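Close look at the chain arrangement
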Amino acid sequence: MSAPRSLLEARGLEAAYGQNPALRGLDADIPAGEIVAILGENGSGKSTLLKVVARIVAPSAGEILLDGVPLGTLSRRETARRVAYVPQSAELVFSIRSLDLVLQGRAPHARGFSADSEDDRRRAFEAMRACDVEALADRDASALSGGERRRVFLARALAQEAGIWLLDEPTSGLDPRHRFQFLEALIREHRSRATTVLLVTHEIELAAELADRVILLKDGRALASGPPSEALTRESIREAFAVDARVQKDARGRPRVTMEGPAV
Amino acid sequence: MKGGRPALWVGAGLLLAACVLCGLAVGGVRLSIADLVSGTGPAGQEARLIASLRFPRVLLAALVGGSLALAGASLQALLKNPLADPFLLGTSGGAAAGAALATLAGISPLLSPGAAFAGAAVSSAAVASLARRGGRLDLQRLLLAGLIANAFFSAVLLGVFSLASTEAARTMLFWMMGSLADASPAKLAALLPYAIAGAAVLLLSASRLNLFAVGEENAAALGVHTERSKALVFLASSLLTGAAVAFAGVIGFVGLLVPHAARAVAGNDQRVLLPLSAIVGAALLVAADAASRAAAAPSELPIGAVTAAIGAPLFAWLLLRNP
């Protein structure tokens, strides 16, 4: 079996907010078509990694290769056609119709970022249907519940027609029903579109269950990387999170992680 | 969505036309609108003659109001902050200081938009860098930085007053309180290039500003070169503010309130909101100028005082609504 082709590679990636370093020489390989969970403590650089890939934050050293091409050599607009970012929480100050928010996903494809052709609308509606938010099209997105809004943002990533989705803590703060609805839509669309998903989460259990690959971050570097069964061990979890966890394998060989408490 | 709302544009056009007619009719000699519109007979001809003398002033009011409202609407979207405004962010203060320094240095008044633009740009850059935190603009810091800039530039202005002759200081004081009294075709001609350039940049940025209105990170993730866009929008709103302040003084709250009113009517698509704000801002300032002349005829109130008297309570109300 040949090694999976890397769609995204991080090489010695460094990034900082002012004086505070967030990434300190991160190396990582993301194969095409996988769901990759990025785990780590607060401040370990998870969200920053997504922001560097989305070109929201510029790296201070190192580089990201997209299909072997340095990300910095692509135009920002070209990057946005290939990489869609779903924010953790978008605080909407101004009202905006959900449909208009989803249409923003078409902006990187449109001249002058002005996307509202018939074709754009058709694609936006299709994306909203796929995420079960079509009925919310005319509602003000700033007045939606957290779960509905996440799915509207997911629909926007679909409308963006990018092959890579970056999701920053997509399930945090969602009640069980909305969490289930969100993950169902995510997995279904990931499979039907064969997208590559980078998912930042605090839920180790979710990563163990869902991800094809896990990257554990600590202090801006990759501590462990690989399939959940290899990357999630009692030792790696202890090192990354300073907690003790019991790691068992279920029938499919997936790890089942149960937290025991702070490491002593 | 775009352009598909004829009623909105017809309404805005009628509002502006009505305000312009009022602006032409009100003054030392009150004209009848009927005479003014017909323009026939001795009364009509006299009305047209007086109106033609008032026309530069009305046009200046429209240009200044439109410029300030357009700058305010753009800054609100750019900064995702409904309280952004060239006056509150210190841009107007910087422009006033620039223009006052140029006057003190004896530079021709027709060049004062350039000096005001320079002051506005310096103020914008200083405020933006003061408000920067961890590589991004922090909104609370932005308003505080505007406060600091306003304090600093009023110190500069007071310094200029004290150095100027009594007569010059008096003229400057009236200008600074906001005055359209000295409008002339030459001033209009000097102002127009700034206003057109600034307005063109902002109107062409409308779609990008839609992405900024959801957040700067949002715009970046959708392919916008955010640093470049921010610099361009700040520069363009400095051009508009500088031009407005150079010839009409510091007129507050137009840039804050007009976009709010326009947004309430037309929603927050910047491709509609920006031009609509410009038209409504023009209408508002023409009407405010007419009111300032009518209220204290044959003298007049400073226009800045009129807009502040209307604007400050409305601003307080907005503040209470947007915690």
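Criteria and cut-off values
- Residues numbered from 1 in each chain as written.
- Chains lettered and ligands numbered in written order.
- Predicted model: local features only at pLDDT ≥ 70, side-chain atom pairs only at ≥ 80, totals over all residues.
- Helix = DSSP H or I, 4+ residues; strand = E, 2+ residues; numbered from the N terminus.
- Rg over C-alpha atoms; globule rule 2.2 N^0.38 Å.
- Buried ≥ 20, exposed ≤ 12 C-beta atoms within 10 Å, placed from the backbone.
- Contact = placed C-beta atoms within 7 Å.
- pLDDT = per-residue confidence, 0-100.
- Nonpolar A, V, L, I, M, F, W, Y, C, P; charged D, E, K, R; others polar.
- Core = buried A, V, L, I, M, F, W, Y, C linked by C-beta atoms within 7 Å.
- Pairing = 2+ DSSP bridges.
- Expected span 1.5 Å × (residues − 1).
- Arc of directions from axis to C-beta.
- Axes fitted to C-alpha atoms, helices over the stretch in contact; angles between N-to-C directions.
- Parallel < 35°, antiparallel > 145°, perpendicular 65-115°, else oblique.
- Left-handed = near helix turned anticlockwise from the far one by under 90°.

Describing the overall build of chain B
Within chain B, the secondary structure is distributed over 14 helices and two strands. The C-alpha atoms of chain B give a radius of gyration of 19 Å, which matches the 20 Å a tight globule of 323 residues would have. Split into buried and exposed, the 323 residues of chain B put 54% on the buried side. Long-range contacts, defined here as pairs at least 24 residues apart, represent 75% of the contacts in chain B between residues at least 6 apart.

Brief notes about the overall build of chain A
The helix and strand inventory of chain A stands at nine helices and 12 strands. In terms of overall size, chain A behaves like a compact globule, its C-alpha atoms giving a radius of gyration of 18 Å where 264 residues would be expected to give roughly 18 Å. Counting across all 264 residues of chain A, residues that qualify as buried make up 45%. When contacts within chain A are restricted to residue pairs at least 6 apart in sequence, those whose partners lie at least 24 apart make up 65%.

Considerations on the confidence of the model for chain A
Low pLDDT marks stretches whose predicted atomic positions should not be read closely. Averaged over all residues, the pLDDT of chain A equals 92, while 98% of them reach at least 70. Strand β8 (residues 196–200) of chain A holds the highest mean pLDDT among the elements of chain A, 97, whereas strand β12 (residues 255–262) of chain A holds the lowest, 90.

A few points about the interface of chain B and chain A
The extent of an interface is frequently quoted as the accessible surface area lost upon association of the parts. Taken together, the 23 residues of chain B in the interface contact 24 residues of chain A. Elements with a contribution of two residues or more to the side of chain B that touches chain A: α9 (206–212) and α10 (216–221) of chain B. Looking at the side of chain B that touches chain A element by element, the count peaks at four residues for α10 of chain B. Looking at the side of chain B that touches chain A, its residues break down into nine nonpolar, nine polar and five charged.

Some remarks on the nonpolar core
With 193 residues, the main nonpolar core has L166 of chain A together with V286 of chain B as its most contacted residues. Residue contributions to this core peak at 17 residues, all from helix α3 (residues 41–78) of chain B. Those residues in contact with V286 of chain B that sit more than four places away from it in its chain are C19, V20, G23, V58, A61, A62 and G65 of chain B.

Notes on the pairing of strand β11 (residues 243–249) of chain A
Residues and elements named next belong to chain A. The pairing of β11 with β12 spans seven bridges and is classified as antiparallel. Across the sheet, residue R246 finds its bridge partner in β12, namely T258. The hairpin formed by β11 and β12 contains five residues between the paired strands, and G253 there has a positive phi angle of roughly 85°.

What to know about helix α6 (residues 176–193) of chain A
In a regular helix each residue adds 1.5 Å, so 18 residues correspond to 26 Å; α6 of chain A covers 25 Å between its end C-alpha atoms and thus fits that length. Residue A194 of chain A follows α6 of chain A closely and has a positive phi angle near 50°.

Regarding helix α4 (residues 118–130) of chain A
Residues and elements named next belong to chain A. Across its 13 residues, α4 extends 18 Å between first and last C-alpha, which sits within 8% of the 18 Å expected from 1.5 Å per residue. Within the sequence span of α4, burial applies to R123, A124, A127 and M128. The arc enclosing the buried residues of α4, seen along the axis, measures out at 140°, which places them on a common side. More than 90 degrees from the buried face of α4, the exposed residues found are E118, D119 and R122. Taken together, the buried residues of α4 touch α3 (98–103) and α5 (146–160). At the exit of α4 stands D132, carrying a positive phi of roughly 55°.

Details of the sheet that holds strand β2 (residues 20–31) of chain A
Residue and element names in this part refer to chain A. Strand order in the open sheet formed by four strands is β2-β1-β4-β5, and the pairing between neighbours is antiparallel. In this open sheet, the two strands that pair with only one neighbour each are β2 and β5 (69–70). As paired strands, strand β4 (residues 61–66) and β5 are joined by two bridges and run antiparallel to one another. Considered in β5, the bridge of L66 is made with V69.

Let's talk about the environment of R30 of chain B
Residue and element names in this part refer to chain B. Looking at the element boundaries, R30 is found in the loop between α1 (6–25) and α2 (33–38). A count of 11 C-beta atoms within 10 Å places R30 in the exposed class. R30 sits 209 residues away from L239 along the chain, and the two C-alpha atoms are 35 Å apart.

Let's talk about unusual backbone geometry
All names here are of chain A. If you check the backbone angles, D132 has positive phi at about 55° while not being a glycine. You can call D132 partly exposed: it has 16 C-beta atoms within 10 Å. Even without being a glycine, A194 presents a positive backbone phi close to 50°. Note that A194 resides in the loop between α6 and β8.

Looking at the packing of helix α4 (residues 91–104) of chain B against helix α5 (residues 112–130) of chain B
Residue and element names in this part refer to chain B. Between α4 and α5, the shortest axis-to-axis distance is 6 Å and the interhelical angle comes to 140°. Comparing the axis directions of α4 and α5 gives the class oblique. Between α4 and α5 lies a crossing whose hand is right-handed. Between α4 and α5, the residues in contact are T91, G93, G94, A95, A97, G98, A99, L101, A102 and T103 and S112, A115, A116, A118, G119, A120, V122, S123 and S124, respectively.

Thoughts on the sheet that holds strand β3 (residues 35–40) of chain A
All names here are of chain A. Spatially, the six strands line up as an open sheet ordered β6-β7-β8-β3-β9-β10, and their pairing is mixed. Each end of this open sheet is capped by a strand with a single partner; those strands are β6 (83–86) and β10 (221–226). Adjacent strand axes in the sheet meet at a mean angle of 20°, parallel and antiparallel pairs treated alike. Most of the contacts of α5 go to β6, to which it runs at about 175°, and overall it touches β6 and β7 (164–168).

Side note on the environment of A219 of chain B
All names here are of chain B. The residue A219 is located in helix α10 in this model. Separated by 195 residues in sequence, A219 and L24 have C-alpha atoms that sit 44 Å apart. Contact partners of A219, with chain neighbours within four places excluded, come to R208, L211, F212, V224 and T226.

Focus: the packing of α4 of chain B against helix α6 (residues 139–163) of chain B
Residue and element names in this part refer to chain B. Between α4 and α6, whose axes approach to 9 Å, the crossing angle comes to 20°. One finds that α4 runs roughly parallel with respect to α6. Crossing handedness for the pair α4 and α6: left-handed. Along the contact surface, α4 presents G93, G94, A96, A97, A100, L101 and L104, while α6 presents A149, N150, F153, S154, V156, L157, V160 and L163. Of the residues assigned to the contact of α4 with α6, the class counts are 11 nonpolar, four polar and no charged.

Looking at the environment of L174 of chain A
Residue and element names in this part refer to chain A. By the element assignment, L174 lies in the loop between β7 and α6. The spacing of L174 and A137 is 37 residues in sequence and 21 Å in space, taken between C-alpha atoms. Among residues more than four places away in sequence, those in contact with L174 are G146, G147, R150, R179 and F182.

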